[in-house]
Amino acid sequence: METEISIPDEIRKKYLQRRRNDLVALKASLSTRSLEEFKRIGHQLKGNAASFGYTDLEKIAIAMEAAGLRGDTFEAGKQLELFEKWIQDHPIEGE
């Protein structure tokens with residue numbers, strides 16, 4: 001469930017664009033079986049997703065970081081799929 005928080009459209013668009021960049025980095029990370037990006041990006045999103053009202057993304061981020069910390073490529077792959085779906089469900093207006 002997401003909470004509506006008043007954030008200017010331009011800032012929200014930049015946030016969503018950065019998540020698309022994160023997706024590219026996470027795919028590269030998983031392809032090399034190095035999960036450093038899962039730890040880093042998961043930790044970062046864990047801290048800021050709820051600030052933008054994306055509590056569902058926060059849950060994905062927590063699991064993503066945990067998978068990275070454990071070196072669990074299977075779980076990282078599952079979270080990557082959820083993250084990609086989340087991105088698809090949150091298009092950037094005007095694109």
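Residues numbered from 1 in each chain as written. Predicted model: local features only at pLDDT ≥ 70, side-chain atom pairs only at ≥ 80, totals over all residues. Heavy atoms only, no water.

Enquirer: Would you take a moment to explain the overall build of the protein chain for this structure?
Expert: The number of helices and strands found in the protein chain is four helices and zero strands. Along its sequence from the N terminus, the protein chain presents helices and strands in the succession α-α-α-α. Its C-alpha radius of gyration of 13 Å places the protein chain within 12% of the 12 Å reference for a compact globule of 95 residues. Counting all 95 residues of the protein chain, 39% fall into the buried class. (Helix = DSSP H or I, 4+ residues; strand = E, 2+ residues; numbered from the N terminus. Rg over C-alpha atoms; globule rule 2.2 N^0.38 Å. Buried < 20%, exposed > 50% of the residue type's maximum accessible area, 1.4 Å probe, protein only.)

Enquirer: I'm lost on the packing of helix 2 (residues 36-48) against helix 3 (residues 55-70) in this one. Help?
Expert: Geometry of a packed helix pair, given as the angle between the helix axes and the separation of the axes. The interhelical angle for the contact between helix 2 and helix 3, taken along N-to-C directions, is 150 degrees, at an axis separation of 7 Å. The orientation of helix 2 with respect to helix 3, classified from their angle, is roughly antiparallel. Once helix 2 is placed against helix 3, the crossing between them reads as left-handed. For the pair helix 2 and helix 3, contact is made by Phe38, Lys39, Ile41, Gly42, His43, Leu45 and Lys46 and by Leu57, Glu58, Ala61, Ile62, Met64, Glu65, Gly68 and Leu69, respectively. In terms of residue class, the contact of helix 2 with helix 3 is made up of eight nonpolar, three polar and four charged. (Axes fitted to C-alpha atoms, helices over the stretch in contact; angles between N-to-C directions. Parallel < 35°, antiparallel > 145°, perpendicular 65-115°, else oblique. Left-handed = near helix turned anticlockwise from the far one by under 90°. Contact = heavy atoms within 4.5 Å. Nonpolar A, V, L, I, M, F, W, Y, C, P; charged D, E, K, R; others polar.)

Enquirer: How do you make sense of the pattern of salt bridges when you look at a structure like this?
Expert: Pairing between side chains becomes possible if they bear opposite charge and their charged atoms approach one another. Applying the stated rule across the entire model yields eight salt bridges. Across the pair aspartate 72 and arginine 70 runs a salt bridge whose closest N-O atoms are separated by 3.4 Å. Assessed through its relative accessible area of 25%, aspartate 72 is described here as partly exposed. Judged by relative accessible area, arginine 70 falls into the exposed class, the value being 54%. (Salt bridge = Lys/Arg side-chain N within 4 Å of Asp/Glu carboxyl O.)

Enquirer: Looking at this model, I keep getting lost on the packing of helix 3 against helix 4 (residues 73-88). Mind explaining?
Expert: It is the contact of helix 3 with helix 4, at a shortest axis distance of 9 Å, that shows an interaxial angle of 155 degrees. Looking at the two axes, helix 3 sits roughly antiparallel to helix 4. As helix 3 packs across helix 4, the resulting crossing turns out to be left-handed. Only Glu75, Ala76, Gln79, Leu82, Phe83 and Trp86 of helix 4 make contact with helix 3, whose side of the interface consists of Asp56, Leu57, Ile60, Ala63, Met64, Ala67 and Arg70. Residues belonging to the contact of helix 3 with helix 4 are distributed by class as follows: nine nonpolar, one polar and three charged.

Enquirer: What is the right way to look at the packing of aromatic side chains in this model?
Expert: Note on aromatic pairs: each is described by the distance of the centres and the angle between the planes. Tallied over the full model, the rule gives three aromatic pairs. Its end group placed over the ring of tyrosine 15, arginine 19 keeps NZ or CZ at 4.4 Å from the ring centre. (Phe/Tyr/Trp six-rings, centres within 6.5 Å; stacked < 30°, edge-to-face > 60°. Lys NZ or Arg CZ within 6 Å of the ring centre and 35° of its normal.)

Enquirer: Teacher, can you tell me more about the side chain of glutamine 79 here?
Expert: Among the secondary structure elements, glutamine 79 is positioned in helix 4. On the accessibility criterion, glutamine 79 (6% relative accessible area) is buried. With residues up to four places along the chain from it excluded, the contact list for glutamine 79 reads Ile60, Ala63 and Met64.

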